[in-house]
Every structure is written in C-alpha cells, then in structure tokens.
Amino acid sequence: MSFQLRRIALLLGNEYAWPASYEALIRRLGSHLVVDGRRFDFEIERLTIEPFDLRQPVRHQVIIDRLGYWHMTVREWLKKATLLNDSHTVNNPFTFQAMEKHSAYCVMIRLGFQIPETWLIPQREWDPEDARAQFTTQTYHKLFDLEKVVDAVGGYPVFMKPYDGGGWRGVSHVTDKAELEKAYNESGKQTMHIQQGVTDYEIFCRCLGCGPQVLPMRYDPGQPLHNRYRIEHNFLSAERAEYLLKLTRIINAFFGWEYNSCESLLRGKDIFPIDFANAVPDTSLISLHYYFPWAIKALVRWSLFCAVTDRRTRLDLQSKEYFAIADRDIPFAEKLDEYHRLAQDYFEAERFDEFCAQQLAPLDEAALEFFSSRDWDDVLVERCRRSFPPHEHEKFIAHYRGLISHWVKTESERLAHR
Ligand SMILES: Nc1ncnc2c1ncn2[C@@H]1O[C@H](COP(=O)(O)OP(=O)(O)O)[C@@H](O)[C@H]1O
Ligand SMILES: [Mg+2]
C-alpha cells in the first residue's frame, strides 16, 4: 500500500467551537482514509502568521481560510500558496477580493436571475489633502440627485449598503429623505449601493454552501444573535428549495466560493437574492446552534475530498461558458439546468457523492458520538463562557445543551430510519 500525507491548514480568527469540533471529528475518523489501495494520513494544523519567503514551499494541500478577507498578510500568502505551490484554498482569495457582493449581483442579472433593483453611487467623501482626487471629482463627477436614484429603484424604503458588504457594516434601512441624507453623509469614503427594500417578505432564507452541499435555513434578522436561525424543516416548497439549491451552487461555482452563505428574501412568487458573497460564513455555535453539526460535517467531508483528490484552486473562471448559456434563446428553466450542470462539474459532485458514500460512511455515527460526548460538552461550556457575561453562563449553557441534544435526537432518528 502506498502512503500519502495530506496536510490541512486552518487559518482562524476568534473562533473556538468549530475548529475544536472539526479536529475532534477527524480524529474520531482515525485521521486517515484508505482510498483505492492508497492510505491517506491527515494532519490538521492551525497556522500562525509570520514573515514569509515567496519561494518557501507551502506544505498544505488544503487550506480552510477564515482570515484572508481582512488580513492582508494572510490573503497574499494564500495567493502565493495557490500560484506557486498548488494548494487548494477554501475560499478563493482572488475572487473574494475582486468580485464581492456587487459582482455577484451583476452575474445574477447576466444569468437571468431576479435581484432587487440596485444602483451604485459614487462615494460621498474623498481625502481633502488628495489633490488628484479633488481634481477628478471637480472635473468629472456629475452632480446627481440622490432621491432620483431612490425613485429609480422604486421609491422608499430602500437599503443603502456597501457594494462589498459584510457583517451588516454600514447597512441602513432608509424610509425618507432625511434618513437618506444621513445615511449618505455617514457612508464617508465607502462605495454604496442603493437597493430596493424588499418589505413584507414571508421568508428569509440563508443557504450555507460547502462544496456542492447546501443547507437552507430559515433566518430572522430581527432576533438577537443566538435566536436568528429558526429550527424549521419544511419551510420551502420543493420547487423553491430546488431553485435555491441550484442558485447557491451556481454562484458559488462561478466564483470558486466553496464555503459561503447565500441570503435570499422570498415574497409571493418572487425570490430575491440579496447577499451572496460571504467570505467568512457564520460558523459559530452561538448563532448556528442546531445547525452547527451540519456545518462541521460538511467541512470535514469537503476538505477530506479536496485533500485526497488533490483539488487545486481554479485560477481561471468559466464565465464564458455560463454566459454562452445565458445568451441562448431557450427558456430560463433550461438555462438553470445548464448552469447547474456546470456548477456540479466544478464541484465534481458525482465523485464527491461517491467518495462520501464509500469513504465517509462512519462520519454520521462518529458525529453523533462526538456531539453526545463529554469532549463536546467541554467545548460547548467553554464557548458559552467566552461569549456571555458570567451571570448568563448557566442559562446559555443549558440553552445550547438543549439545542444540541435536540439535534442528537433528530439525527439518531434519521439514522435509524435510513
Ligand atoms: N434589499 C433588501 N430588502 C430587505 N432587507 C434587506 C435588503 N438588503 C439588506 N437587507 C437587510 O439588511 C441585512 C444586511 O444586508 P446584507 O446585504 O446582507 O449585508 P451584509 O453583507 O453586511 O450582510 C440583511 O440581512 C437584511 O436583513
Ligand atoms: Mg448579509
């Protein structure tokens, strides 16, 4: 038998429960797999940040990145790792820097999806010391009427939000002229979208995508952080679920976003995607609670698949192929299937399913055992201690124990009925 070592790197911020659970699950799988007569041993390493030589070889085949979105040293190291060392990064550091939420809207429009009416407006402020910027704005910026942009997207209410988004930073719900001016004045040097407000929606759906795996969750942004994801299983009709699954995979495959959460508002017959670019999708136990084990299992499956198949970050996009479908004179439903086929090819979905069935059958049981174990309880308790003030520890520890026990119960039933 041949032996292969596969190193998986984690680039982490202020995160505790997910890396601990991810590492524990891989250990429970024995930290190795035997695939087609080859033994793969997995080594998981949490990386530190330090000066690096551009020529220094990167030893990690797969890198799960939670930092590069805002930490430039890390972002540039990830680029070097893909360009020079053939590492596979989840996510693609290039497209998340260059493309963002705005580009996702543009691609959705091009492919024929419906998005809320959206305009981009020039930034409010420039550095007064910057003579070049002053010259350009005075010479070439055309004065515009902000309220006309609001009219163009259908009138109040609108959302004013940064074109690149993230973590609800700088997002304003604007209902009249005074709020509009205030929001624009406060936006400072950021480049903003003005977007039609989708009010009275029935469902806010967050689809968490990890490779070709997608979990739709019902979301309530009005609730406090620990209560936003609702435990509700059949909140989408089969038709809507299929549409959202496909849309999520298509956008994620188009940009190479392999771990991403995609937000849509559903009103009547309409499905409005509002935010499909989240480089560091929510993976916190505190917010995901019942869905947390799903996310960890999905990450284990996808990262091990990438490791044993020597997946490489794709540097070239397949936009031409998607646009060729968009430009054809066929009904949208057919286009959707064609785009989806490209997306499933990108994710090697069939090979992935086969890999999960043949190699990861023990994962379900391993996860069930882990999330019922003392080890897990220690993680849960520590996470709650770090997240809440001391007088709330007891309450929240009981709360999360209850939610995860509920997951253990429903998961045991699911496994029993397979
Ligand atoms: N067009 C819209 N209609 C209704 N609500 C919106 C709209 N755009 C944003 N929101 C609300 O604002 C929140 C933040 O906006 P989003 O685009 O997701 O920004 P971020 O990238 O910061 O998460 C959303 O979760 C939603 O509650
Ligand atoms: Mg969002």
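Up top is the structure these notes are about.
To start, this report covers the structure provided alongside it. Within each chain, residues carry numbers counting from 1 in the order of the written sequence. Chain letters start at A and ligand numbers start at 1, both assigned in the order the entries are written. Thresholds applied to this predicted model are a pLDDT of at least 70 for local features of residues and 80 or more for the giving and counting of side-chain atom pairs; totals over whole chains, interfaces and linings are not thresholded and use all residues.

Examining helix α15 (residues 374-387)
- Secondary structure follows DSSP: runs of H or I at least 4 residues long count as helices, runs of E at least 2 residues long count as strands, and numbering of each begins at the N terminus. Helix span, as expected, comes to 1.5 Å for every residue beyond the first. Helix length check: α15, at 14 residues, gives a terminal C-alpha distance of 20 Å against a target of 20 Å (1.5 Å per residue), a fit within 8%.
- Residue burial is a threshold on neighbouring C-beta atoms within 10 Å of the residue's own C-beta, all placed from the backbone, with 20 or more meaning buried, 12 or fewer meaning exposed, and counts in between meaning partly exposed. Considered for burial, the residues of α15 that qualify are W376, V379, L380, R383 and C384. One side of α15 carries all its buried residues, which in axial view fall inside an arc of 130°. In α15, the exposed residues that point more than 90 degrees away from the buried face are R374, D378 and R386.
- Here the contact rule is simple: place C-beta atoms from the backbone, and any two residues whose C-beta atoms are within 7 Å are in contact. Close packing links the buried residues of α15 with α1 (17-28), α9 (285-288), α14 (363-370) and α16 (393-416). Read the arc as the range of directions from the helix axis to the C-beta atoms.

Some points on the sheet that holds strand β9 (residues 192-196)
- For two strands to be treated as a pair, DSSP must find at least two bridges joining them. If you trace the four strands from one edge of the open sheet to the other, you get β6-β9-β7-β8, paired in antiparallel fashion. Each of the sheet's edge strands pairs with one partner strand only, and the pair in question is β6 (118-121) and β8 (172-174). When strand polarity is set aside, the average angle formed by the axes of neighbouring strands in this sheet is 25°.
- Pairing analysis gives four bridges linking β6 to β9, with the strands arranged antiparallel. Structural elements are reduced to axes, namely lines fitted to C-alpha atoms, with helices fitted over the stretch in contact, and the angle between N-to-C directions of any two is expressed from 0 to 180 degrees.

Points about the sheet that holds strand β5 (residues 88-90)
- Read from one edge to the other, the open sheet built from five strands follows the order β2-β3-β1-β4-β5, with strand pairing classed as mixed. Of all the strands in the sheet, the pair left with one neighbour each is β2 (32-35) and β5. When strand polarity is set aside, the average angle formed by the axes of neighbouring strands in this sheet is 20°.
- Bridge analysis of strand β4 (residues 62-65) against β5 gives three bridges, and the strand direction is parallel. Counterpart to V62 in the pairing with β5 is H88.
- Against the sheet, helix α10 (residues 292-308) engages β1 (2-11), β2, β3 (38-46), β4 and β5, with an angle of about 150° to β4.

Quick word on the environment of D53
- Mapping D53 onto the fold places it in the loop between β3 and β4.
- Expressed as a C-alpha distance, the spacing of D53 and K80, which sit 27 residues apart in the sequence, is 9.9 Å.

Section: the site of ligand 1
- Using a C-beta atom placed from the backbone for every residue, we mark a residue as near a molecule or strand if that atom lies within 6 Å of it. Around ligand 1, 18 residues are found, and the nearest of them are F159, G165, V198, P221 and D275.
- All residues other than Ala, Val, Leu, Ile, Met, Phe, Trp, Tyr, Cys, Pro, Asp, Glu, Lys and Arg, Gly among them, are scored as polar; the first ten of these are nonpolar and the last four charged. When grouped by side-chain class, the residues that make up the shell around ligand 1 number eight nonpolar, six polar and four charged.
- When we break the shell around ligand 1 down by domain, the ones giving at least three residues each are domain 2 (117-196) and domain 3 (203-416). Where each domain begins and ends is defined by an automated method or by a domain database.

Observations regarding unusual backbone geometry
- N91 follows V90 through a cis peptide bond whose omega is 15°.
- Along the chain, the position of N91 falls in the loop between β5 and α3 (93-98).
- Phi angles above zero are rare outside glycine, and D36 is one such case at about 50°.
- Position of D36 relative to the elements: it lies in the loop between β2 and β3.
- Phi is positive for W168, which is not a glycine, with a value near 60°.
- As for its position among the elements, W168 is in the loop between β7 (158-162) and β8.

Some points on the packing of α1 against α10
- Put simply, α1 and α10 touch, their axes get as near as 10 Å, and they point 55° apart. It follows that α1 is oblique to α10 by the angle criterion. Both α1 and α10 take part in a crossing whose hand is right-handed. The segment α1 lies against α10, with W18, S21, Y22, L25 and I26 engaging I296, L299 and V300.
- Tallied by class, the residues present in the contact of α1 with α10 amount to seven nonpolar, one polar and no charged. Here is the rule for angles: anything less than 35 degrees is roughly parallel, anything more than 145 is roughly antiparallel, 65 through 115 is roughly perpendicular, and the remaining ranges are oblique. Two helices crossing with the near one rotated counterclockwise from the far one by less than a right angle form a left-handed crossing, whereas a clockwise rotation gives a right-handed crossing.

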